[in-house]
Amino acid sequence: MGRLGGKTAIVTGAARGIGRAIAERFEAEGARVARLDRSAEAGMLAVDVTDERAVEDAIAQVHDRFGRIDVLVNNAAALSTNAPVADLTLKDWRASIDVNLTGVFLVSRAVLRLMRTQGAGVIVNVASQLGSVAVRNNAAYCASKGGVLQLTRAMALDHAGDGIRVNALSPGAVMTERLRAAYGSEEATSAALAPKHPIGRIGDVAEIAGAAVFLASDEAGFMTGSDMVVDGGYTAQ
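What comes next concerns the included structure. Keep in mind that what you see is a predicted model, and the values were worked out from it rather than measured. (Residues numbered from 1 in each chain as written. Predicted model: local features only at pLDDT ≥ 70, side-chain atom pairs only at ≥ 80, totals over all residues. Heavy atoms only, no water.)

Regarding the nonpolar core
Here comes step 1: One finds Ile 10, Leu 36, Ile 59 and Val 111 to be the most contacted residues of the largest nonpolar core, which totals 32 residues.
Here comes step 2: Secondary structure elements with two or more residues in this core: β2 (32-37), α2 (52-66), α3 (90-118), α4 (139-159) and β6 (164-171).
Here comes step 3: Residues contacting Val 111, with those up to four places away along its chain left out, are Ile 10, Ile 59, Ile 69 and Leu 72.
Here comes step 4: Listed in part, the 29 residues of the second largest apolar core include Ala 9, Ala 15, Met 44 and Ala 211. (Core = buried A, V, L, I, M, F, W, Y, C linked by side-chain atoms within 4.5 Å. Buried < 20%, exposed > 50% of the residue type's maximum accessible area, 1.4 Å probe, protein only. Helix = DSSP H or I, 4+ residues; strand = E, 2+ residues; numbered from the N terminus. Contact = heavy atoms within 4.5 Å.)

Here we look at the side chain of Arg 165
Here comes step 1: As for its placement among the helices and strands, Arg 165 is situated in strand β6.
Here comes step 2: The charged side chain of Arg 165 is buried without a salt bridge, its nearest counter-charge being Asp 218 at 5.5 Å.
Here comes step 3: A distance of 3.1 Å separates a polar side-chain atom of Arg 165 from the backbone oxygen of Leu 215.
Here comes step 4: Filtering out sequence-adjacent residues up to four positions away, Arg 165 remains in contact with Gly 121, Val 122, Ile 123, Leu 215, Ala 216, Ser 217, Ala 220, Gly 221, Met 223 and Thr 224. (Lys, Arg positive; Asp, Glu negative; His and termini not counted. Salt bridge = Lys/Arg side-chain N within 4 Å of Asp/Glu carboxyl O. Polar contact = N/O pair within 3.5 Å; in protein donor to acceptor, adjacent residues only side chain to side chain.)

Re α3
Here comes step 1: Its 29 residues give α3 an end-to-end C-alpha distance of 40 Å, which sits within 8% of 42 Å, the value for a rise of 1.5 Å per residue.
Here comes step 2: Of all the bends in α3, the largest measures some 40 degrees and sits at Asp 98.
Here comes step 3: One or two residues past the end of α3 sits Gly 119, with phi positive at roughly 80 degrees. (Expected span 1.5 Å × (residues − 1). Bend = angle between axes of the 7 residues up to and from the residue.)

Things to note about the layout of surface pockets
Here comes step 1: By volume, the largest pocket amounts to about 1300 Å³.
Here comes step 2: Around the largest pocket, the lining is made up of 46 residues, and of these Leu 79, Tyr 141, Thr 176, Arg 178 and Leu 179 lie nearest the centre.
Here comes step 3: Contributions of two or more residues to the lining of the largest pocket are made by α1 (17-28), β2, α4 and α5 (177-183).
Here comes step 4: When residues of the lining of the largest pocket are assigned to their parent elements, the largest contribution, 5 residues, is made by α5.
Here comes step 5: Counted by class, the lining of the largest pocket contains 23 nonpolar, 14 polar and 9 charged residues. (1 Å grid on protein atoms, 1.4 Å probe; cavity = no way out; pocket = protein on both sides within 12 Å on 5 of 7 lines; lining within 4 Å. Points joined across faces, edges and corners; volume = space filled by probe spheres on them. Nonpolar A, V, L, I, M, F, W, Y, C, P; charged D, E, K, R; others polar.)

Thoughts on the environment of Ala 40
Here comes step 1: Along the chain, Ala 40 falls in the loop between β2 and β3 (44-46).
Here comes step 2: Residues Ala 40 and Glu 187 lie 147 residues apart in sequence; the distance between their C-alpha atoms is 30 Å.

Description of empty space enclosed by the protein
Here comes step 1: For the coordinates displayed, the defined rule picks out 1 cavity of 30 Å³ or more.
Here comes step 2: A volume near 40 Å³ is recorded for the largest cavity.
Here comes step 3: If you tally residues by element for the lining of the largest cavity, the top one is α3, at 3 residues.
Here comes step 4: For the lining of the largest cavity, the class distribution of residues is 4 nonpolar, 4 polar and no charged.

A short note on the packing of α3 against α4
Here comes step 1: Closest axis-to-axis distance for the α3/α4 pair is 8 Å, and the angle between their directions is 15 degrees. Taken together, α3 and α4 sit at an angle that is classed as roughly parallel. For the crossing formed where α3 meets α4, the hand is right-handed. Along the contact surface, α3 presents Asp 92, Trp 93, Ser 96, Ile 97, Asn 100, Leu 101, Val 104, Phe 105, Ser 108, Leu 112 and Arg 116, while α4 presents Ala 139, Ala 140, Tyr 141, Ala 143, Ser 144, Lys 145, Gly 147, Val 148, Leu 151, Met 155 and His 159.
Here comes step 2: Of the residues belonging to the contact of α3 with α4, the class tally is 13 nonpolar, 6 polar and 3 charged. (Axes fitted to C-alpha atoms, helices over the stretch in contact; angles between N-to-C directions. Parallel < 35°, antiparallel > 145°, perpendicular 65-115°, else oblique. Left-handed = near helix turned anticlockwise from the far one by under 90°.)

A look at the packing of α1 against helix α7 (residues 205-216)
Here comes step 1: In the contact formed by α1 and α7, the axes pass within 8 Å of each other and the chain directions differ by 55 degrees. Here α7 runs oblique to α1, going by the angle between their axes. In terms of crossing hand, the pair formed by α1 and α7 is right-handed. Contacts between α1 and α7 involve Gly 17, Ile 18, Ala 21, Ile 22, Arg 25 and Phe 26 from the first element and Val 205, Ala 206, Ile 208, Ala 209, Gly 210, Ala 212, Val 213 and Ala 216 from the second.
Here comes step 2: When grouped by side-chain class, the residues that make up the contact of α1 with α7 number 11 nonpolar, 2 polar and 1 charged.

Regarding the sheet that holds β6
Here comes step 1: Read across the open sheet, the 7 strands follow the order β3-β2-β1-β4-β5-β6-β7; overall the sheet is parallel. The open sheet terminates on both sides in strands that have one partner only, identified here as β3 and β7 (227-230). Ignoring which end each strand starts from, the neighbouring axes of this sheet average 20 degrees apart.
Here comes step 2: As paired strands, strand β5 (residues 121-126) and β6 are joined by 6 bridges and run parallel to one another. Within β6, the residue paired with Ile 123 across the bridge is Val 166.
Here comes step 3: Sitting on the sheet, α1 touches β1 (8-12), β2, β4 (71-74), β5 and β6, and the angle it makes with β2 is about 165 degrees.
Here comes step 4: The strands touched by α7 within the sheet are β4, β5, β6 and β7, with β6 carrying the most contacts at an inclination of about 165 degrees. (Pairing = 2+ DSSP bridges.)

Structure (structure tokens):
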């Protein structure tokens, strides 16, 4: 059956990168997975996580199809414009905050209302090592991911009595299509980012997916309000 056998899961931002790896690993572990993404690719339920009505409609569709929602992984994210705060536009600020933080709130709220009636559920919010430590010229992204960590803790406290666990998962730099595009190639990405991680390399999406499986499974039954950091030692420095 696998570690998630019989469970129904939703993964946002599932078209590529970490989200796709999590969705595929969940399926391999026996879960039925609804893949949500802004792109309308095959097998995806197209939804903009910043659109309140669209989010509520999408969650209702998933619930109608499967009858319950056991696990939610909030993975959809937007990168921020590289600029110091003094030069950051409000539009650029909102582009990160709306997707990375408000999107997590909107999807979680819709799912929590259903999980509460079930008396059980698990939410995993994909944050970032940059939610705990900052880097230059990424204020919006850092603030959004720091907000995700605090939202995770608040939801965990609010809904512990409902039988719902809420944890965060904070990756370091991970080799994804988006990161390769930002640096131009896999080699350039590794050259720029691997030295910043004491382990001497950047992560693989499969490693993040494995951590997500643990958090979603009954093996993590005594964990809530926590942040699982999978960053190759980045934040230990």
